[in-house]
Amino acid sequence: SPVQYFSDICIPFYTFLFYPAMAKEQPKKKIIRKLKSKFRLVIMNDQTLEEKMSMVLTPLNFFVVTGLITITLITCTIYIIAFTPLREYIPGYADVHMKRNMINLTLKADTLDTKTSATDLYLENIKRIINGEMVDSVAQKLETEPVRFDTMRTPPRSAADSLLRNMIEAQDKYDLIASPGKGSTSGIANFFFFTPLKGTVTSRFDPAEKHYGIDIVAKANEVIKSTLDGTVITSTWTYENGYVIALQHSNNLMSVYKHNSALLKREGAYVKAGEVIAIIGNSGENSTGPHLHFELWHNGSALNPLDYMNF
């Protein structure tokens with residue numbers, strides 16, 4: 001019959017065509033159904049079995065909440081490491097500014113060491129100037145450097161000449177004020193002094209007030225020149241006198257230039273008369289304005305520069 005034919009032929013054929021697709025969809029629906037299945041989490045008192053708290057959870061909600069918490073923790077950790085100082089406490093993570101700070105500290109230490117050495121040399125030179133030993137000390141300090149000493153060389157002396165010089169120097173050893181009548185400046189009487197700076201003399205030579213030089217005022221940025229050929233024995237900075245440069249000349253004569261704004265020669269340099277050695281300035285605690293404090297010393301005695309040159 002037709003019914004029997006449909007039952008025997010069509011139904012098996014329909015099942016053959018559509019059953020595999022239905023069989024494939026069932027595992028997916030099963031997984032989704034499990035993810036959406038609801039579970040109740042109950043917290044109970046173990047002794048009284050009293051229900052304290054309960055909540056309904058699904059596996060899908062649990063995975064979503066866990067993922068969001070994990071992403072939040074990772075984001076917070078990255079932010080703390082990248083943008084907060086707490087990263088310095090992580091082992092092996094160095095401060096980005098540490099290297100720069102170390103370089104700056106090293107440079108400051110080197111600068112302090114250099115200035116300390118220069119200050120020690122300055123004080124030693126002043127002590128030897130007072131004792132009349134400046135020429136020999138400078139030769140010992142600079143004997144290892146390629147410096148010219150042409151203007152500092154003197155011809156051999158006889159025994160009588162050396163004895164006479166020692167006697168005269170011993171008489172004036174502790175006299176800071178040189179007097180033309182003593183004959184202590186006879187060795188430089190024929191020197192031609194180059195004026196270091198053209199300007200107005202505002203403070204004159206006054207040993208009674210311990211002012212062993214003169215103050216010359218000039219325009220800003222004026223250059224200061226060497227008064228004679230010589231060797232730079234001091235080129236440094238001091239708290240009281242600012243930038244100071246001193247030159248050793250022949251016949252145990254020394255010139256000192258104080259309160260400069262810049263020094264253009266280093267210790268040990270050989271300069272000619274009239275050569276630029278510094279720039280006028282207002283450095284140092286004792287300075288009250290842009291000027292040059294200029295001193296001349298001969299055999300440890302202060303000379304009045306106005307006796308030898310016109311400003």
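Predicted, not measured: the structure shown is a model, and the values here were computed from it. Here the residue numbers are simple positions, counted from 1 along each chain's written sequence. Where totals are concerned, whole chains, interfaces and linings use all residues; where local detail is concerned, this predicted model gives features only for residues with pLDDT of at least 70, and gives and counts side-chain atom pairs only at 80 or more. To get the side-chain values, take all heavy atoms of the structure and skip hydrogens and water.

1. Topic: a positive patch on the surface
Here is step 1 of the chain: Taken together, the side chains of Lys29, Lys30, Arg33 and Lys34 make up a positively charged region of the molecular surface.
Here is step 2 of the chain: Locating Lys29 in the fold gives a position in helix H1 (residues 2-35). Candidates for patches are residues over 30% relative accessible area with no salt bridge; among them, like charges are joined within 9 Å and nonpolar side chains (Val, Leu, Ile, Met, Phe, Trp, Tyr) within 5 Å. Accessible surface area values rest on a Shrake-Rupley calculation with a 1.4 Å probe, where residue burial reflects the displayed protein chains alone. Any Lys or Arg side-chain nitrogen located within 4 Å of an Asp or Glu carboxyl oxygen qualifies as a salt bridge. All tallies of charge rest on Lys and Arg as positive and Asp and Glu as negative; His and the ends of each chain are not included. Charged groups are reduced to one reference atom each: NZ for lysine, CZ for arginine, CG for aspartic acid, CD for glutamic acid. Segments assigned H or I by DSSP are reported as helices when at least four residues long, segments assigned E as strands when at least two residues long, and all are numbered from the N terminus.

2. Focus: the confidence of the model for the chain
Here is step 1 of the chain: In the predicted model, the chain carries a mean pLDDT of 77, and 72% of its residues have values of at least 70.
Here is step 2 of the chain: Within the model, pLDDT remains below 50 along residues 134-152, and this stretch shows 33 contacts once partners closer than five positions in the same chain are excluded.
Here is step 3 of the chain: Residue range residues 173-183 is modelled with pLDDT below 50. Its contacts to residues more than four positions away, or to other chains, number 22 contacts. You can read pLDDT as the predictor saying how much it trusts each residue, on a scale of 0 to 100. Contacts between residues were defined by any pair of non-hydrogen atoms, one from each residue, lying within 4.5 Å.

3. Re the environment of Phe39
Here is step 1 of the chain: With respect to the helices and strands, the residue Phe39 is situated in strand S1 (residues 39-44).
Here is step 2 of the chain: Each C-alpha atom, one on Phe39 and one on Val56, is 5.5 Å from the other, the two residues being 17 residues apart in sequence.

4. Quick word on the pattern of salt bridges
Here is step 1 of the chain: The final tally for this structure, using the stated rule, is 4 salt bridges.
Here is step 2 of the chain: In this structure, Lys272 and Asp229 form a salt bridge, with 3.3 Å as the shortest nitrogen-oxygen distance. Here the residue Lys272 occupies a position in the loop between strand S9 (270-271) and strand S10 (276-280), and Asp229 occupies one in the loop between strand S5 (223-225) and strand S6 (230-238), the gap between them amounting to 43 residues.
Here is step 3 of the chain: Buried means the residue's accessible area, taken with a 1.4 Å probe over protein chains only, is under 20% of the maximum for its type, while exposed means over 50%, and partly exposed covers the values in between. On the accessibility criterion, Asp229 (21% relative accessible area) is partly exposed.

5. Remarks on the pairing of strand S7 (residues 242-249)
Working note: regular strand, side chains alternate between the two faces of the sheet.
Here is step 1 of the chain: In terms of residue burial, S7 counts as a mostly covered element, since 7 of its 8 residues are buried.
Here is step 2 of the chain: Two strands pair if DSSP finds at least two bridges between them. With 7 bridges connecting them, S6 and S7 associate as antiparallel partners. What sits directly across from Thr238, in S7, is Gly242.
Here is step 3 of the chain: The loop that links S6 with its antiparallel partner S7 comprises 3 residues.
Here is step 4 of the chain: Relative to strand S8 (residues 253-263), S7 runs antiparallel, the two sharing 6 bridges.

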